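Notes for the structure review
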Amino acid sequence: MARGKKRGGSGNRGGSRGGSRKQQKDDDFEYRTDLIVKSDMQNERFSTYYKNQNIVPEDEWEAFLNALREHLPTTFRVAGSRQTANSLNSTIKDIHVPILSDVTFEDQKIPPPVQIPWYPDGLAWQFNVPKKVLRKSPEFKKFHSFLVFETEVGNISRQEAVSMLPPLFLDVEPHHKVMDMCAAPGSKTAQLLEALHAQDSVTSTSIPSGLLLANDSDHKRTHLLIHQSARLPSPALMVTNLDASIYPIIKIPAPPQADGVKRLQQLRFDRILCDVPCSGDGTMRKNMGIWKHWQPMDGNGLHSLQVRILQRAMKLLATNGRIVYSTCSLNPVENEAVIAEALRTNPEFHLVDVSSTLPELKRRPGMTTWRPCVDRDVNMSYDSFSAFSTSEDATSNTKLTEGHWPPQDVGRLNLPRCLRIYPHLQDSGGFFVAVLERRVVSAEEMSKARKREADELEEAPETKKPRLSNEDIGLEVVPAEEASGDIAEDPQPEGTQGSRRQKKGKEKEGAGGSFKEHPYTFLAPDDPILVNCMTRLALTTEFPAANVLVRNPEGDPVRSLYLANDLVKAIVENNDFSRIRLTAAGTKVFSKQEGGKASEAQFRVLGEGLPVVLPYVDPSTIITADLSTLKVLVQSYYPLCSSFHEPFKSVVEGRPVGSHVVRFLPETIEGVTLTHDLVLPIWKSNVSLTLMMDKKAKSALSLRLFGADITTAGRDAEQKKNAAPTSESGTPKIITEDEVMLVEE
Ligand SMILES: C[S@@+](CC[C@H](N)C(=O)[O-])C[C@H]1O[C@@H](n2cnc3c(N)ncnc32)[C@H](O)[C@@H]1O
């Protein structure tokens, strides 16, 4: 979702706020509407503009404006693959909600969290309680810390309700090739990844045949994206850092042909999400900056980029593919006008009627009339582009194009099929969604579109022409029926890009001159270090050893080993990683354990990598253990092997030093219930064991299972908390709201 415009800035393009910690806190204050008075929540330009556009019926205007001034409820989504999500959701429904249903605070009955009615399987929740209650009511305090921990480990995604919509409308299946064109910080990417992994079980991750290519033009934000998606490790994920409006063609091998010549073809996506940068005025309920600075030229300025991103997505889409275009803006110039312009130039696309999808979602139809304003203060507007273009305003304002206005044949485009979500309809943020699909068109329509596009390209000012070659960006309009045609006739030698040690020392600068990622090198399946690692970890021969890659200038397995699926591998091997500015591919599964002799490289399975690797671990080597064993492993960092009870004690004492896998079976002991199998990696040293889990994941597991954080870190934190909090001067320390609240998305 887009964020508020900075003071004095020009249009929000989703850049990072940056700055010092203090600056960040000040910004947070400015951006948090719960900390300001309602009388400050007004902007005449906003009211005049949207009233004139009739975005809601006149008798709803006040309700709409008042809703924008209300504090946004806290919403979250239970994340992860379907099975794990359903299990955690039952914990919320059956344990937390009953406790929270009977809370009274300062003589007021506090409403418990409720499921968002339109979200599938009841996996999204909403609650709206004052911060004071979260801080002081013991029941809500406990629920809050449950949410914080589960969010940290990625089981819960704190996400605005409306922002959950686009991935639902995209309807992703595990075999789909999916692209998220403007993906950072990645809450929707995580949802798409979950859909790709719908077949995962509670303990193991499937390797989908499809792909999720998440892209963002902001390099720093792509790293945020990688961090977010690490919560659902996937061999099917790639991250790139490019301008989506000129996204290059990705090449993959074409199906084998009779002549035996290897050819490449364009990768076409089945699903594309265009959650484009926007002015973000649908987020006013949490962004004070927008109340202060809103003006129509921001939306006007973003329109062209939004059109170009959508048009580019149309070029990259497969026949029968689907695009979801979304913004958190209410402005028709950023919404319907973009859709209309993209449809005009791509007649093979149409808007899909999704009126029966998510029937509980309250929505309004897309608009068919609007009137762009051509000045900051909402004084000037014109009936049509031709009226504007002959006016004096046109000379001083070159940003506006014909596409800013409704097209003459607007009725033909079915714009009411777009969805507008307003804050007063169901206590949410404002949002816009359009679902587009490709249909087969007549040769005549196609040739008209080709000619128009060629003319427009010819007329475009030099600076606006794409910097990449035509082959790079695939400017030719490819008819849907030709979508899978070859794009490269030259035979390609096998393993051109990714073969082992071919790219030694090739750390490249990218197109923008600042691309400094390491190359991606696939190991040979018989690489001695990989073979040693597989033997020690007892991986079966089905393990896709040919899909293991490393990332360092030498292409050697020195530290971390990643696993990619076949499609990701094909892309890495057939495209220059620096041309597509690839910042991540596949998921990290093994990591070298420091210590020991260099010749006997010891790799361990990473906690987050285990679900991916588990289907390939020889089942006879998996150690079985009970809940009390798990409790000891959770409670201390390095419990001695001798401290466990039998039979676990003898089994681990008999195992060699190294990485092992333990399965804890469902059972109930002393009121603690493990409802499903839990499989975790441990490291055995000479005399002790370590549960190989991230500290926060361990705390979350402890809270979920034992009802308290019994880890060493958790106990330390509790002790500190119990000691009276005092500042350095000895006076009681005031704990700020920020310290106790969930951090906003
Ligand atoms: C609305 S936000 C995306 C939010 C994201 N989909 C999510 O759900 O977390 C828009 C993103 O577009 C990125 N962006 C801006 N211009 C872009 C461009 N030309 N190409 C690709 N990404 C762009 C921004 O860096 C920003 O991260």
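Only a predicted model underlies this, so the values are computations on that prediction, with no experimental measurement involved. (Residues numbered from 1 in each chain as written. Predicted model: local features only at pLDDT ≥ 70, side-chain atom pairs only at ≥ 80, totals over all residues.)

A closer look at the overall build of the protein chain
A tally of regular secondary structure across the protein chain gives 25 helices and 30 strands. Relative to its full complement of 745 residues, the protein chain shows a buried share of 43%. Across the protein chain, contacts joining residues at least 24 apart in sequence account for 75% of those joining residues at least 6 apart. (Helix = DSSP H or I, 4+ residues; strand = E, 2+ residues; numbered from the N terminus. Buried ≥ 20, exposed ≤ 12 C-beta atoms within 10 Å, placed from the backbone. Contact = placed C-beta atoms within 7 Å.)

Brief notes about helix α23 (residues 695-706)
With 12 residues, α23 should reach 16 Å at 1.5 Å per residue; the first-to-last C-alpha distance of 16 Å fits that figure. The complete set of buried residues in α23 reads Lys-698, Ser-699, Ala-700, Leu-701, Ser-702 and Leu-703. In this fold, the buried residues of α23 make contact with α6 (138-152), α21 (627-635), β30 (689-691) and α24 (712-722). Immediately beyond the C-terminal end of α23, within one or two residues, lies Gly-707, with a positive phi of roughly 75°. (Expected span 1.5 Å × (residues − 1).)

Points about the UniProt feature "active site" (unreviewed entry) in the protein chain
In the numbering used here, UniProt assigns the feature "active site" (unreviewed entry) to Cys-328. On the secondary structure map, Cys-328 appears in the loop between β13 (317-327) and α12 (336-345). Take Cys-328: there are 25 C-beta atoms within 10 Å of it, and that puts it in the buried class. (UniProt positions renumbered as here; feature names shortened; annotations may be inferred.)

Considering the pairing of strand β9 (residues 237-240)
Residues of β9 alternate between two faces, with Leu-237 and Val-239 on one and Met-238 and Thr-240 on the opposite face, all of them buried. Following the backbone out of strand β8 (residues 211-215), through helix α9 (residues 219-229) and into the adjacent parallel β9, one traces a crossover that is right-handed. Direction of pairing for β9 relative to strand β22 (residues 582-585): antiparallel, over a ladder of 3 bridges. The residue of β22 that forms the bridge with Met-238 is Ala-585. (Right-handed = clockwise from strand over helix to strand, strands pointing away. Pairing = 2+ DSSP bridges.)

Some remarks on the sheet that holds strand β25 (residues 623-625)
Taken together, the 4 strands give an open sheet; going across it, the order is β25-β26-β29-β30, and neighbouring strands pair in mixed fashion. Looking at strand neighbours, the two that pair on one side only are β25 and β30, the edges of this open sheet. For this sheet the average axis-to-axis angle between neighbouring strands, irrespective of direction, equals 40°. In this structure, strand β26 (residues 658-664) lies alongside strand β29 (residues 678-684), joined through 7 bridges in antiparallel fashion. Bridge pairing in β29 places Val-661 opposite Pro-681. (Axes fitted to C-alpha atoms, helices over the stretch in contact; angles between N-to-C directions.)

Regarding unusual backbone geometry
At the junction of Ala-184 and Pro-185, the peptide bond is cis and its omega measures out at 5° in the coordinates. Checked against the element boundaries, Pro-185 lands in the loop between β7 (177-180) and α8 (187-196). For the bond running from Glu-646 to Pro-647, omega is 5°, close enough to zero to count as cis. Looking at the secondary structure, you find Pro-647 in the loop between α21 and α22 (648-653). One non-glycine residue, Glu-106, lies in the positive phi region at around 50°. Topologically, Glu-106 is positioned in the loop between β2 (103-105) and β3 (108-110). With 10 C-beta atoms packed within 10 Å, Glu-106 lands in the exposed category. Look at Asp-427: it is not a glycine, yet its phi comes out positive at around 55°. Looking at the element boundaries, Asp-427 is found in the loop between α15 (423-426) and β17 (431-438). With 15 C-beta atoms counted inside 10 Å, the residue Asp-427 sits in the partly exposed group.

Quick look at the confidence of the model for the protein chain
Across the protein chain, the average pLDDT comes to 83, with 82% of residues at or above 70. The low-confidence segment residues 459-512, where pLDDT is below 50, has 94 contacts with residues more than four positions distant or belonging to other chains. Ignoring residues within four places in sequence, the model shows residues 726-745, a span with pLDDT below 50, making 19 contacts including any to other chains. For this predicted complex, the interface confidence reaches an ipTM of 1.00, while the overall pTM sits at 0.84. (pLDDT = per-residue confidence, 0-100.)

Quick look at the packing of helix α11 (residues 296-316) against α12
To characterise two packed helices, one gives the angle between the axes of the helices and the distance between these axes. One can describe the packing of α11 onto α12 by two numbers: an axis separation of 9 Å at closest approach and a directional angle of 45°. Between α11 and α12, the crossing angle belongs to the class labelled oblique. The element α11 and its partner α12 pack so that their crossing is right-handed. Between α11 and α12, the residues in contact are His-303, Gln-306, Val-307, Leu-310, Gln-311 and Met-314 and Ala-337, Val-338, Glu-341, Ala-342 and Thr-345, respectively. Its residues assigned to classes, the contact of α11 with α12 shows 6 nonpolar, 4 polar and 1 charged. (Parallel < 35°, antiparallel > 145°, perpendicular 65-115°, else oblique. Left-handed = near helix turned anticlockwise from the far one by under 90°. Nonpolar A, V, L, I, M, F, W, Y, C, P; charged D, E, K, R; others polar.)

Focus: the sheet that holds strand β21 (residues 560-563)
If you trace the 5 strands from one edge of the open sheet to the other, you get β19-β20-β21-β23-β24, paired in antiparallel fashion. With one partner strand each, in any of the chains shown, β19 (521-522) and β24 (603-605) form the two edges of the open sheet.

Description of the nonpolar core
Membership of the largest hydrophobic core comes to 168 residues, with the highest contact counts inside it found for Met-181, Leu-212, Met-238, Ile-272, Cys-274, Ala-313 and Ile-339. Among the elements that line this core, the one with the most residues is α11, at 8 residues. Apart from the residues lying within four places of it in its own chain, the contact partners of Met-238 are Leu-211, Leu-213, Val-568, Ile-571, Leu-582, Ala-584 and Ala-585. (Core = buried A, V, L, I, M, F, W, Y, C linked by C-beta atoms within 7 Å.)

A look at the packing of α6 against α23
Where α6 contacts α23, the axes come no closer than 8 Å and their chain directions differ by 140°. When the axis of α6 is compared with that of α23, the two are oblique. Remark: the crossing between α6 and α23 carries left-handed chirality. For the pair α6 and α23, the contacting residues are Phe-146, Phe-149, Glu-150 and Glu-152 in the first and Lys-696, Ser-699, Ala-700 and Leu-703 in the second. Split by residue class, the contact of α6 with α23 holds 4 nonpolar, 1 polar and 3 charged.

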